[in-house]
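Residues per chain, in single letters:
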Amino acid sequence: MLKLKYLVENFDLARMALQLWPHDEATLAERMRYFRISANAVYPYECNGKLCFLRLCPAEEKTLPLIREELRFLSLIREAGCPAMRPIPSLNGECFRHIRSPWGVWYACAFEGVPGVPLEQVELTEEVITRYGEALGQLHRASMDIVIPPARPNFLDLLKWSAAILEDAPYAIFRECRDVRDELLKLPRGPFAFGMIHGDFELDNVFWDGEGCQVIDFDDCMVHFYALDVVIALDELAADAQEAFLRGYRSACPEARIHTEDFPLLRRFRDVYQYARIMHALSERPEEEPDWMPALVSRLEGRMNAIGAKIQQERKARKKRPWDRA
């Protein structure tokens, strides 16, 4: 999530950025009303009647090499047949643009909308869940043939960033960040266990088109254990649905080395990283807050506190079991 100071809509900035992409001016005002801002500011628009999305991020939060490698990865997995969102070239042929504006420096890119509706709005039948697993398996199978891009963060980069944020957190949570790093370093990182992953393979980032799944939002793609994507997806599903997901996943990527005994550690990584991201978001708020922001702050603080309590409870439980210590 972006810092709260960036969570305020800026239609003038979006219009300025869209001058760099082909778009339908007649429907722009209506479409842009349905913007959303979280890890990026995303504004819908149309081009030749087709739904598209402009994505904006302040330069303070990301770098151009980071975005460039995300788009390269997305292009390569699409070439391999993965059903994923398509970047739209701007008017000069580039898929990303550097924008100097009255509101600072921003990075922009645009994507075609994918067909279908998010899985969170679909009845999760066995077929749908199996296809959900297949989509992740296809992504990982393609990733195994791609040279790991140096500009995308790996788990060590993300934990180093998290540790810097967590210096002001309760000590147990800061210590958990270090312990998770040390334990992840012990896991084997062979080509069938470790590579570029999606990073946020939840139901709202996968669309069902009636026959199969389409994947969006690669903003969190990272170099990590493939099993982390599997854990994220499984935690979206009821226990009795998880076998169908794994069956679909294994059918598309039988090579993957996914070990269930690693799942608790990967969940610990996710918790530490989420805690740090919320702390980061809360670190700067706009000078003039919109009316809805205090409620958002309250929800984020509640979420952060819940994660923190979980981390501390689990650490206490592990101390009672010496064989589980780091």
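Definitions and limits used
- Residues numbered from 1 in each chain as written.
- Predicted model: local features only at pLDDT ≥ 70, side-chain atom pairs only at ≥ 80, totals over all residues.
- Heavy atoms only, no water.
- Salt bridge = Lys/Arg side-chain N within 4 Å of Asp/Glu carboxyl O.
- Helix = DSSP H or I, 4+ residues; strand = E, 2+ residues; numbered from the N terminus.
- Buried < 20%, exposed > 50% of the residue type's maximum accessible area, 1.4 Å probe, protein only.
- 1 Å grid on protein atoms, 1.4 Å probe; cavity = no way out; pocket = protein on both sides within 12 Å on 5 of 7 lines; lining within 4 Å.
- Points joined across faces, edges and corners; volume = space filled by probe spheres on them.
- Nonpolar A, V, L, I, M, F, W, Y, C, P; charged D, E, K, R; others polar.

(A) A look at the pattern of salt bridges. Scanning the model with the defined rule gives 30 salt bridges in all. With its nearest N and O atoms 2.8 Å apart, the salt bridge here joins E60 to K3. Note that E60 is positioned in the loop between β3 (50-58) and α3 (64-79) and K3 in the segment before α1 (11-18), a separation of 57 residues in sequence. Judged by its relative accessible area of 43%, E60 is partly exposed. In this structure, the salt-bridge partner of D235 is R267, at a minimum N-O distance of 2.8 Å. Placement of D235 in the loop between α7 (226-234) and α8 (242-252) and of R267 in helix α9 (residues 263-282) is noted, with a sequence separation of 32 residues between them. Accessibility expressed as a relative area gives 24% for R267, which makes it partly exposed. Overlapping salt bridges, with partners in common, bring together R175, E176, R178, D179, E183, R268, R315 and R318 in one network.

(B) Main features of empty space enclosed by the protein. Applying the stated criterion across every chain, the model contains 1 cavity of 30 Å³ or more. Empty space within the largest cavity amounts to approximately 70 Å³. L187, P188, A193, F225, A227, R257, H259, D262 and L266 together form the lining of the largest cavity. The residue inventory of the lining of the largest cavity, partitioned by class, reads 6 nonpolar, 1 polar and 2 charged.

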